[in-house]
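Breakdown of the fold
One-letter residues, chain by chain:
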2 protein chains.
Amino acid sequence: MSIQKLFEASKAASKVVGLANTNLKNAALEAMAQQLEANVEQIIAQNLLDLENGQRNGLAIGLQDRLRLDQKRILGLASAIREIIALPDPVGDSVAGMTLDNGLKLQQVRVPFGVVGVIYEARPNVTVDIAALAVKSGNAAILRGGSAAENSNRILVSLLQAGLESVGLPVAAVQTVDEFGRAGAVEMMQARGFIDVLIPRGSASLIQTVVTESKVPVIETGDGVVHMFIDQSADLQKALPMVVNSKVQRPSVCNSLETLLVHEDLAEEFLPKVAAALRENSVVIHGCEKTAEIIDCVQATDEDWAKEYLALEISIRVVANVDQALEHIARYSTKHTESIVTENLANAERFLQEVDAAVVMVNSSTRFTDGGEFGFGAEVGISTQKLHARGPMGLKELTSTKWLVRGNGQVRS
Amino acid sequence: MSIQKLFEASKAASKVVGLANTNLKNAALEAMAQQLEANVEQIIAQNLLDLENGQRNGLAIGLQDRLRLDQKRILGLASAIREIIALPDPVGDSVAGMTLDNGLKLQQVRVPFGVVGVIYEARPNVTVDIAALAVKSGNAAILRGGSAAENSNRILVSLLQAGLESVGLPVAAVQTVDEFGRAGAVEMMQARGFIDVLIPRGSASLIQTVVTESKVPVIETGDGVVHMFIDQSADLQKALPMVVNSKVQRPSVCNSLETLLVHEDLAEEFLPKVAAALRENSVVIHGCEKTAEIIDCVQATDEDWAKEYLALEISIRVVANVDQALEHIARYSTKHTESIVTENLANAERFLQEVDAAVVMVNSSTRFTDGGEFGFGAEVGISTQKLHARGPMGLKELTSTKWLVRGNGQVRS
């Protein structure tokens, strides 16, 4: 099949799934979940091929972690699908309504986008999450999953399609362009009239390429240079586990902590503790000059402040006050997630108001910026732009709206 | 001032206006309205310069109409500003909220975009509408109004800035790049990090250029190949004034009717009536073969079905049934506004559900697709894409959201 035919098949499928009722879509999702559960070993076998190729090609440890599917993760994907089944169907939801003076009745209702394109790298779980969210929200999905996960994605898409087919929905509602290699991604960026929204997930360079090259509307995601600021009034017993959790619980993902800012009044007390806890977890510390006076660390360079390590490394800077922390964040933040640890109400509220990011936190691990944690079942990605959606994107973020106007012959004077 | 400095000034101003409270923003808007009212003659004088240039350069009649500012239109702009004052401030509005099982409190609130860029052509009223909507929604606006309206826009922007200054808000909250000519528009499309969203308004070619060239997130607007379908069961006494109003009330704008579809069972009765009424208003008719058998008309070409005349011309096609009407619309619609005239409930509901457009109407003139008519005071434009906003864009559509997360030390397990 040519890629043009594939796009046309997606568009045709989107009309069918867009008009499907909630029960039919949920039946398709349940069938998808069962297909995954019934084929755990086959999926693992295909995933192993990808992992072996990755090791052979020197794939970074963090990316190997993202690529890996074990039984627990596969069953987790099935249970994410069931969470999505349990969520309300956004399609048809009434967003606004009013009757004008002239008697025209206006109703703004949620409708599916149509065809959603997603370009991502070496994360086969994304294949399942996007497909499930797309089908529930009445969309067709076109996926480009990256050559490193080619075998995993091939089997996952065929299982998801088997689920669609078993309830009579078109298999073209979930398609992959992986067979077209890099050309597939390029064609997706050019597919005006076929793809209604394109979402890149993955490395900063992938996202930048899609954002600047695409002729199709794009939602920019990911890329998290995430900060945590330990304010003067912070409760250090709470702060320590939040820092460790934010950094080490899953360092390869975008909501993990990259830069720790510490108020100078706490530095002497807190830095040795945090350094010990991080080293226990094999974290390499890049510190500013003041940090280096207190703990052993690599000297942080200017580039380090803008770096998304996605690994067991962290930048630490001692700051004079909340103003300096806000300035540092305004300069280096990628507007993903920013957290303050404080017991001071005024500073907490100021941080919440002034920090320009998708998710702004007080006394919370940054790892909670996640569609699953937010109760969305899964996520399409985490938008770091301001258009359409900001932060974790779930079902609602995969819909548009349309205005229905009902009259009885009104004309404009 | 270099354009880079201008962008930086906008960004700095956006922080101030973004934190301004509702009363201060409303005071600025009231001052803007008063500046317009106090300077009607000066505005008209500058507008006359543009109109004379336009006539000398052969500007189309439709565009001359869009360019013209008379006393009534200027006072209308001031009263649109007062309508915007009366609307609720979207900033800080709570969109969603929930408490997670772990005790984290999530709140999704509306925040301004930051800096909104708008590129448009020869419509000085847009200058005022956008500035007022931007300020009320806490944004800074960067405007590129087109050389044909240069003199009008210069005086309008200076009056709007005087309004801002009189209440102590930064004048850079409303700026124009007209002095930079075409380069200004190109720089806006490149201004990642300075412009949060870019909205092109105007001709199809302008919009296409911005959509395909911009590195900044874009909302696609305008370009309305608008259809009205007269169904078999239509009440022809209602239908005739709706057709005439949709076509002739202001033919130069995007919500005016371009193609009329008539059910074949009504053609012999309705077409002579509609032809007479349209000719009375000097409308040139391009008809399909069947139309030409009933009334005098120009033979419609294939290109005519895709044409946005923006003038006193219309395409008319006789169709066999609602299916053929839906097919025609699916093929030629620019997804702006589509209307059915019918007394048949099933056909009305089917049309509302199946037509993929920003605004879908039953028994209504297409001229009502308009931010002012919808009660938004004015409009930033009419989005014909599905991302972020669809249809007339008012205050809410100039905002993004951010998630506030309040915890007491939660870590992810």
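About the thresholds
- Residues numbered from 1 in each chain as written.
- Chains lettered and ligands numbered in written order.
- Predicted model: local features only at pLDDT ≥ 70, side-chain atom pairs only at ≥ 80, totals over all residues.
- Heavy atoms only, no water.
- Contact = heavy atoms within 4.5 Å.
- Buried area = accessible area lost by both parts, 1.4 Å probe.
- Salt bridge = Lys/Arg side-chain N within 4 Å of Asp/Glu carboxyl O.
- Polar contact = N/O pair within 3.5 Å; in protein donor to acceptor, adjacent residues only side chain to side chain.
- Helix = DSSP H or I, 4+ residues; strand = E, 2+ residues; numbered from the N terminus.
- Nonpolar A, V, L, I, M, F, W, Y, C, P; charged D, E, K, R; others polar.
- Pairing = 2+ DSSP bridges.
- Axes fitted to C-alpha atoms, helices over the stretch in contact; angles between N-to-C directions.
- Parallel < 35°, antiparallel > 145°, perpendicular 65-115°, else oblique.
- Left-handed = near helix turned anticlockwise from the far one by under 90°.

Our focus in this paragraph is the interface of chain A and chain B. In this assembly, 69 residues from chain A lie in contact with 69 residues from chain B. When residues of chain A are sorted by the area they lose upon contact with chain B, L387, W403 and R412 of chain A head the list and together hold 15% of the total. Between chain A and chain B we count ten salt bridges in total. A salt bridge links E373 of chain A to R412 of chain B; the shortest N-O distance between them is 3.2 Å. At the junction of chain A and chain B, the tally comes to 46 residue pairs in polar contact (both at pLDDT 80 or more). Mapped by element, the contributors of at least two residues to the side of chain A that touches chain B are strand 1 (94–99), strand 2 (105–112), helix 9 (204–213), helix 10 (236–248), helix 15 (345–354), strand 13 (359–364), strand 15 (391–393) and strand 16 (399–410) of chain A. By residue number, the principal contributor to the side of chain A that touches chain B is strand 16 of chain A, which donates eleven residues. For the side of chain A that touches chain B, the residue count by class is 32 nonpolar, 21 polar and 16 charged. With five bridges joining them, strand 13 of chain A and strand 16 (residues 399–410) of chain B adopt parallel strand pairing. Paired with V362 of chain A across the bridge in strand 16 of chain B is R406 of chain B.

Before going further, it helps to spend a moment on the packing of helix 3 (residues 40–56) of chain B against helix 5 (residues 71–86) of chain B. All names here are of chain B. Contact geometry for helix 3 and helix 5: axes closest at 10 Å, N-to-C directions at 120°. In terms of axis orientation, helix 3 runs oblique to helix 5. Classified by chirality, the crossing of helix 5 by helix 3 is right-handed. Residue-level inspection shows V40, I43 and I44 of helix 3 in contact with helix 5, the latter providing Q71, I74 and L75. In the contact of helix 3 with helix 5, the residues fall into five nonpolar, one polar and no charged.

Turning to the sheet that holds strand 5 (residues 174–176) of chain A, a few remarks are in order. All names here are of chain A. The four strands are arranged 5-4-3-6 in an open sheet whose pairing can be described as parallel. Where the open sheet ends on each side, the last strands, each with one partner, are strand 5 and strand 6 (197–200). Shown here is a sheet whose adjacent strand axes are inclined to one another by a mean of 20°, direction ignored. As paired elements, strand 4 (residues 140–144) and strand 5 share three bridges and run parallel to each other.

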